[in-house]
Amino acid sequence: MAQIAKVEVQVEVKSSAETFYEVFRGKQYLWPKICPDVVKNVKLIKGDWDSVGSVKEWAYVAGNSETAKDMVEAIDEKNKTITFKFLDGGATKYYNNIKSTIQVTGMDQGGCLVKWSMEYENQNDDTPAPTKYLEAFKFLAKSIDAYLTKNA
């Protein structure tokens, strides 16, 4: 039986937790404009931009060009946490049961800490951890922060 594994990354940004979280919560349609080097396109397939059960299709670059379809599985407004389940795409060729969670936490000195984690099962023992997605996320988080800071 395959083991569930987890990888995560944290990025400190200057934007407020509320503002940064809102871009992840309901304004993902802005991502291709904010960070065209990583997110090439995003389409809403089912639901709306900010509710549980919504499905989106992505074209992005994480080392190489890929696509993905994900569904919003859970939203916790109090803890500024969103969980996505991957339904299809490049990552599902190598990993089973992939879930991605973002949590945004305000910091006392201003700004916020953004934590992104992925839980997954390797399809076989030779599959490396999906760290390339963490690198893409760090770049995305910094790009979103720069956009929010510039357009405050």
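Scroll up to find the structure this text is about.
Since the structure is predicted, the reported quantities are computational estimates derived from the model, not experimental observations.

S.K.: If you had to explain empty space enclosed by the protein to someone new, which residues and values would you point to?
M.R.: Remark: the empty space left among the atoms is shown by a probe the size of a water molecule rolled over them. Per the stated rule, a full pass over the model turns up two cavities of 30 Å³ or more. When its volume is computed, the largest cavity comes out at roughly 370 Å³. Lining the largest cavity are 20 residues, with Trp-31, Trp-58, Phe-86, Trp-116 and Leu-140 sitting closest to its centre. Mapped onto the lining of the largest cavity, the elements with two or more residues apiece are strand S3 (55–62), strand S4 (64–76), strand S5 (81–89), strand S6 (95–106) and helix H3 (131–150). Within the lining of the largest cavity, the residues separate by chemical class into 17 nonpolar, two polar and one charged.

S.K.: I'd love a proper account of the sheet that holds S4, names of residues and values included.
M.R.: In spatial order, the strands read S1-S7-S6-S5-S4-S3-S2; together these seven strands make up an open sheet with antiparallel pairing. Unpaired on one side and paired on the other, strand S1 (5–13) and strand S2 (39–46) mark the two borders of the sheet. Across the sheet, the axes of successive neighbouring strands diverge by a mean angle of 25°, strand direction being ignored. Pairing of S5 with S6, which is carried by five bridges, proceeds in the antiparallel orientation. Counted as the bridge partner of Thr-83 is Thr-101 from S6. Across the sheet, helix H1 (residues 17–26) lies against S1, S4, S5, S6 and strand S7 (112–122), angled at about 155° from S6, the strand it touches most.

S.K.: Describe the pairing of S3, naming the residues involved and giving the relevant values.
M.R.: Looking at chain direction, S2 and S3 are connected through six bridges and run antiparallel. From the neighbouring strand, Lys-46 faces S3, where its bridge partner is Val-55. In this structure, S3 lies alongside S4, joined through eight bridges in antiparallel fashion. From the neighbouring strand, Val-61 faces S4, where its bridge partner is Ser-65. Between the antiparallel neighbours S3 and S4 lie one residue, among them Gly-63 with a positive phi of about 90°.

About the cut-offs
Residues numbered from 1 in each chain as written. Predicted model: local features only at pLDDT ≥ 70, side-chain atom pairs only at ≥ 80, totals over all residues. Heavy atoms only, no water. 1 Å grid on protein atoms, 1.4 Å probe; cavity = no way out; pocket = protein on both sides within 12 Å on 5 of 7 lines; lining within 4 Å. Points joined across faces, edges and corners; volume = space filled by probe spheres on them. Helix = DSSP H or I, 4+ residues; strand = E, 2+ residues; numbered from the N terminus. Nonpolar A, V, L, I, M, F, W, Y, C, P; charged D, E, K, R; others polar. Pairing = 2+ DSSP bridges. Axes fitted to C-alpha atoms, helices over the stretch in contact; angles between N-to-C directions. Contact = heavy atoms within 4.5 Å.

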